[in-house]
Amino acid sequence: MAVYYDDKNKIFRLDTEKSTYVIGLSPEGYVGHIYYGARLYQEAAGYLLRMDEPPYTPSVNQREKSAFLDFFPMEYPTGGVGDYRESCFNVRNEKGCMGSEIFYVSHEVYKGKRGLEGLPASFGTEDEVETLEILCEDPILKLQVYLSYSAFEKENIITRSVRIVNMGVQTLKLEKVYSACLDMDDEKFRMLTLCGAWARERHIQECEVHYGKQMVSSAKGETSHQEHPFMALVTPGTNQVQGQVYAMNFVYSGNFIAQAERTQFDSVRMVMGIHQEEFSWNLKPSDTFQAPEIVLTYSGEGLGQMTRNYHDFYRNHMIRSPYLHKKRPILINNWEATYFDFDTEKLLSIAREAKACGIEMLVMDDGWFGERNSDDSSLGDWTVNEKKLQGGLRHLVEEVNAIGLDFGIWFEPEMISPNSELYRRHPEWAIQIPGREPTQSRSQLVLDLSRPEVLDYVYESVAVILRSANISYVKWDMNRQLSDMGSTYLDKDSQQELFHRYVLGVYALQERLVTEFPNLLLENCSGGGARFDPGMLYYSPQIWCSDDTDAIERLMIQEGTALVYPLSTMGAHISDCPNHSVGRSTPFETRGHVALAGTFGYELDITKISEQDRRMIPEQVRMYHKYHELIREGDYYRIASYRENHTHDCWAVSSRDKKEVLVTYVHVLGNVIAHSRKIKLQGFRPEARYCLEGTDLVFTGEMLMQGGFLISGLRGDYTSRLYHFIME
Ligand code: DGJ
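Reading the values: the criteria
Residues numbered from 1 in each chain as written. Predicted model: local features only at pLDDT ≥ 70, side-chain atom pairs only at ≥ 80, totals over all residues. Heavy atoms only, no water. Helix = DSSP H or I, 4+ residues; strand = E, 2+ residues; numbered from the N terminus. Buried < 20%, exposed > 50% of the residue type's maximum accessible area, 1.4 Å probe, protein only. Pairing = 2+ DSSP bridges. Axes fitted to C-alpha atoms, helices over the stretch in contact; angles between N-to-C directions. Near = heavy atom within 4 Å. Polar contact = N/O pair within 3.5 Å; in protein donor to acceptor, adjacent residues only side chain to side chain. Domains from an automatic or database assignment. Contact = heavy atoms within 4.5 Å. Salt bridge = Lys/Arg side-chain N within 4 Å of Asp/Glu carboxyl O. Nonpolar A, V, L, I, M, F, W, Y, C, P; charged D, E, K, R; others polar. Core = buried A, V, L, I, M, F, W, Y, C linked by side-chain atoms within 4.5 Å. Phe/Tyr/Trp six-rings, centres within 6.5 Å; stacked < 30°, edge-to-face > 60°. Lys NZ or Arg CZ within 6 Å of the ring centre and 35° of its normal. Disulfide = S-S within 2.5 Å. Parallel < 35°, antiparallel > 145°, perpendicular 65-115°, else oblique. Left-handed = near helix turned anticlockwise from the far one by under 90°.

1. Some remarks on unusual backbone geometry
Backbone geometry follows two general trends: most residues other than glycine have a negative phi, and most peptide bonds adopt the trans configuration.
Here is step 1 of the chain: A cis amide bond links P54 with the next residue in sequence, P55, at an omega value of -5 degrees.
Here is step 2 of the chain: You can see P55 is positioned in the loop between strand 4 (31-38) and helix 1 (65-69).
Here is step 3 of the chain: Cis geometry marks the peptide bond from C577 to P578; its omega dihedral reads -5 degrees.
Here is step 4 of the chain: With a phi angle near 55 degrees, E278 is a residue other than glycine that sits in the positive phi range.
Here is step 5 of the chain: Within the secondary structure, E278 is located in the loop between strand 17 (267-273) and strand 18 (281-283).
Here is step 6 of the chain: Take E278: its relative accessible area is 33%, and that puts it in the partly exposed class.
Here is step 7 of the chain: Unlike most non-glycine residues, S286 shows phi in positive territory, near 75 degrees.
Here is step 8 of the chain: With respect to the helices and strands, the residue S286 is situated in the loop between strand 18 and strand 19 (288-299).

2. Digging into the sheet that holds strand 15 (residues 245-251)
Here is step 1 of the chain: Judged by pairing direction, the sheet is antiparallel, and its nine strands sit side by side in the order 6-7-8-9-19-15-14-11-12 without closing on themselves. At either end of the open sheet lies a strand with only one pairing partner, and these are strand 6 (103-111) and strand 12 (203-208). On average, each strand axis in the sheet is tilted by 20 degrees relative to the strand beside it, whichever way the strands run.
Here is step 2 of the chain: Sheet topology places strand 6 next to strand 7 (residues 129-138); eight bridges connect them, and they run antiparallel. Note that in strand 7 the partner of K111 across the bridge is E130.

3. Examining the pairing of strand 35 (residues 689-692)
The two faces of the sheet receive side chains in turn, since in a regular strand these alternate between them.
Here is step 1 of the chain: In strand 35, alternate side chains face the same way, and those of Y690 and L692 are buried while those of R689 and C691 on the opposite face are not.
Here is step 2 of the chain: With three bridges joining them, strand 35 and strand 36 (residues 698-700) adopt antiparallel strand pairing. Each bridged residue has a counterpart across the sheet, and for R689 the counterpart in strand 36 is T700.
Here is step 3 of the chain: Linking strand 35 to strand 36, which pair antiparallel, is a turn of five residues; within it G694 sits at a positive phi near 85 degrees.
Here is step 4 of the chain: Relative to strand 38 (residues 719-727), strand 35 is paired through three bridges, and the arrangement is antiparallel. Bridge pairing in strand 38 places L692 opposite F725.

4. As for the site of the ligand
Here is step 1 of the chain: In the vicinity of the ligand, 13 residues are found, and the nearest of them are D365, D366, K475, D477 and D547.
Here is step 2 of the chain: Between the ligand and D365 there is a distance of 2.7 Å, counted from an oxygen atom to a side-chain nitrogen or oxygen.
Here is step 3 of the chain: Contact between the ligand and D477: a nitrogen atom at 2.7 Å from a side-chain N or O atom of the residue.

5. Some details on the domain arrangement of the protein
Here is step 1 of the chain: Segmentation of the protein into domains returns domain 1 (3-317), domain 2 (331-560 + 570-618) and domain 3 (639-727).
Here is step 2 of the chain: Computed from C-alpha coordinates alone, the two centres of domain 1 and domain 2 are separated by 35 Å.
Here is step 3 of the chain: Facing the 37 residues of domain 1 at the interface are 36 residues of domain 2.
Here is step 4 of the chain: Counting across the domain 1 and domain 2 interface gives zero salt bridges.
Here is step 5 of the chain: The interface formed by domain 1 and domain 2 contains 21 residue pairs in polar contact (both at pLDDT 80 or more).
Here is step 6 of the chain: Counting residues per element, the ones that place at least two in the side of domain 1 that touches domain 2 are strand 12, strand 15 and strand 18.
Here is step 7 of the chain: Broken down by element, the residue count for the side of domain 1 that touches domain 2 peaks at three residues, all from strand 15.
Here is step 8 of the chain: Tallied by class, the residues present in the side of domain 1 that touches domain 2 amount to 17 nonpolar, 13 polar and seven charged.

6. A few points about the nonpolar core
Here is step 1 of the chain: One finds W368 and I409 to be the most contacted residues of the largest nonpolar core, which totals 196 residues.
Here is step 2 of the chain: Of all hydrophobic cores here, the second largest spans 22 residues; its members include L681, A688, Y690 and Y723.

7. Considering the sheet that holds strand 4
Here is step 1 of the chain: Pairing within the open sheet is antiparallel, and its four strands lie in the order 1-2-3-4. With partners counted over all chains shown, the strands left at the sheet margins are strand 1 (3-6) and strand 4, one partner each. Neighbour-to-neighbour, the strand axes of this sheet turn through a mean angle of 15 degrees, independent of strand direction.
Here is step 2 of the chain: In the sheet, strand 1 pairs with strand 2 (residues 11-15) via four bridges, with the strands oriented antiparallel. The residue bridging D6 from the neighbouring strand is I11, located in strand 2.

8. So, the side chain of E130
Here is step 1 of the chain: If you trace the backbone, E130 turns up in strand 7.
Here is step 2 of the chain: From its side chain, E130 meets the backbone nitrogen of A2 in a polar contact 2.9 Å long.

9. Looking at the packing of aromatic side chains
Here is step 1 of the chain: Scanning the entire structure with this criterion turns up 43 aromatic pairs.
Here is step 2 of the chain: Centroid distance Y30 to F72: 6.2 Å. Interplanar angle 55 degrees. Geometry classified as tilted. Here the residue Y30 occupies a position in the loop between strand 3 (19-25) and strand 4, and F72 occupies one in the loop between helix 1 and strand 5 (89-92), the gap between them amounting to 42 residues. The two residues Y30 and F72 agree in class, both being buried.
Here is step 3 of the chain: Between F189 and Y246 the ring centres are 5.7 Å apart and the planes differ by 80 degrees, which places this aromatic pair in the edge-to-face class. Of this pair, F189 sits in the loop between strand 10 (172-185) and strand 11 (190-195) while Y246 sits in strand 15, and the two are 57 residues apart along the sequence. When sorted by exposure, F189 lands in the same class as Y246, which is buried.
Here is step 4 of the chain: One residue, R163, lies across the ring of Y146, its end atom 4.2 Å from the ring centre.
Here is step 5 of the chain: The residue whose ring lies beneath R554 is W544, and the NZ or CZ to ring-centre distance is 4.9 Å.

10. A short note on the state of the cysteines
Here is step 1 of the chain: Per the counting criterion, the structure on display carries zero disulfides.
Here is step 2 of the chain: Of the cysteine sulfurs around C357, a residue in no disulfide, the closest is that of C577, at 17 Å.
Here is step 3 of the chain: The class for C357 is buried, based on a relative accessible area of 7%.

11. What about the packing of helix 11 (residues 588-595) against helix 12 (residues 611-633)?
Here is step 1 of the chain: It is the contact of helix 11 with helix 12, at a shortest axis distance of 10 Å, that shows an interaxial angle of 25 degrees. In terms of their interaxial angle, helix 11 and helix 12 are classed as roughly parallel. Crossing of helix 11 against helix 12: the hand is right-handed. In this structure, helix 11 uses F588, E589, R591, G592 and H593 to contact helix 12, whose residues at the interface are D613, M616, I617, Q620 and M623.
Here is step 2 of the chain: Classifying every residue of the contact of helix 11 with helix 12 by side-chain character gives four nonpolar, three polar and three charged.

If you want it as C-alpha cells, here you go:
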C-alpha cells in the first residue's frame, strides 16, 4: 500500500520506496502540507503544521485569520482571502470579485490512476501506482476542487493534478489554476532550472533562493527555448551523489510558471502551473476544468538519483509509443544537407549512399510541398510539389524503399504562411487581433487551433499524405512562438482561453495521429528544442533536442536535457563541419560519440562529405547497433560537466544489473598533466570486477568509483573516447 489515511489524526500519507509525502487537515478543514522527504517507516505526526503555536488557527482565534493564512503550509493555496504568498487558484465571481477558500470534504483512495481529460498524463497499473483524491469545496462559490496525488513507488515519483467543478449556478472566471504547491521551511535552498535560447536549449542554471519570488516561465504559447517547466530546490552542497533535491516537472507544452518564493517566515513556497498571464477560463455551471499534471520527485542522494527517478518514470509511465523499447532506425535527414534545394534525384542519391553505409531511413525535411523554396511561403498547403518530387511522393517513397531504406517526412501542421493558398482562402484561420496586422515570425502565422474546422483541416492534410505512401516516421515541427492572441472564433469573454485551447488542440491532433497510425515513429520538434517536455513525450518517444548540432555545444544542451529526460528521447544527429550553427570543426568520431547519447542519426550530405568521414559511418553504425539497447534502457550517470569545468565532459550508462557500463569522455580543451586525467566513475558494483573491452585490463568497481579511472593519451582538443566495461 502506498497511500494511507490516519482518521484519528486526520493525516494522509503517500509512500514510495525512498520518499514519503504527508498531508494533514486543520480543524477547519484546510489541507496542509506536513512533510516531503526521505521515506518514513514509523507513523507520521501532524505537529509540523504548527497549529498549537500562535497565530492560532481561525477556529480558535478568528481575529488573526490572515496571519494564519499567510503562514500555514497549504497544499493548494487560494487567492484573495489573506494568504499573501503566491496563490495557486484565483477565481472571480459573477459580481467581479476575486476570492476563494477551500475546505476538505472527503477523499478517495484507489489503486491505479485515471487519465486527465484532453491532456497527456502518466499512467500505471494497479500494481504500480496508487492514487489519493481529496475533494475540497468552496462552500460559498459551490466550487469543488479535487486534489489528486498518485504515488509511483518504484520510481519515487508523486504526481499531482487539480480538477475544478462548478456545482453552483453562476458562471465563474478561473483566473489562475496552478497544478501544485510545495510549502517547505527554507534549508538555504538553491534553485536549479534549465534556461537557454534557440540553439542553446536547457543549459543548467543554479542560484540562491532569496527573499521574494523568483521564477522561470513561458508566455510564448509553448514551453520555449528560453526557459523550461522544471525546477529543483536543492540543499547547499548538492551534487550528483549527495544532497536533498525537491523537483517538479510540468506535463504541459504551453505557457507555464515555475516559481520559488522565500517568505518573511523563512519558508519557501514552490509552485508550478499554467502561467496566469493571458489566461482565464469561464467555468459555467456543471463545467469541469482539468489542470495539467506535475511530476514531483524527492532525492536524498543528490541530482543523480533525481535524474534516474525521472528517466525511469518517463520510460515506464509517460511514453506510450511502441518504439519506446525498440531500436530506433538510424536516419539521415536532408535539412542541413540541402535545405530547400532538393528534388527526387538528389534525395535518391543521398539514400543510395546512406544505404551503402548502413543507414536505415531517409527523412525528407522542409520544402516538399506547395511552392516552398524558402521559408516564406506555403505552410498550410500540404500538397506535394511535383516540380521537386518528379513522379510524386509515392514514387519517391517506393524508390527509397526499393533502395532498402524506410521513409520519413517533415510537417509543420500548426502554421500558416500569409503567402499560401490556405491563407488566401481562410485568412480568419490565423491567430490575430482584429484590426491589427499580426506579427510574423519566420514569415509565418499560427493557425487558430481552437476552431474545430481548423483541427479537421490540419489533421486531414497530414493524414492524407500519410495514407498515400509507405511513411514510417513524421517530424512534427513548430517554428514560432504565439503572439497577437485573438481568435475570430471565440467570443469576447473567451479570448483568454486561447493559449490553453491551442495546446489542447495540439494534443487532440497528435492523439488522432497516433491512434490512426499506431506504428508511426513520431518525433516532435520546435525550431530545435523549444517544445521538449513531458507532454510531448506522451505522443512521441523522441524530440529533436536542438538545431545546434555542434558536438561541443551539444554537451551542455544534452547534459541539461538528460538531467530530466531519458537519453532515448533526445534527438541527436551527426552533422557536417564546419558546423552550420557555430562554425566549429570537430572530429567525426567525437560527433558520433555525442550523438550516440541520443537517438543517433545523420544530418549531412553524405554524397559530399570527405571520404575519410564517410568511411567512418559503417563503424559508427556498428557502434549504434551494439549499444542502442544499453543507452535506451540503462541507468544514466553524469560524471563530469564541461559546463562546470570548462575542459572535459563525461557520462556513463550502466545496464540495470550493472553488468556492463559504457563511459563516454570528451576532451574539450586544454592540456592535461602527463596527458592523463583521473575520473571517478559511477554506475558499477563496488565488489565486482570489470574488464575493459579491447584490453586485458581488469578493475574492481570499487577502484573505478573510489579511486578513479585514468583517461590517458589525451592529445588534441575536441577528441573523445568510449570505454566499455564488462563484468567478469
Ligand atoms: C526547424 C527544425 O529544428 C529543423 O531541424 C528543420 O526541420 C527546420 N525547422 C525546417 O524548417
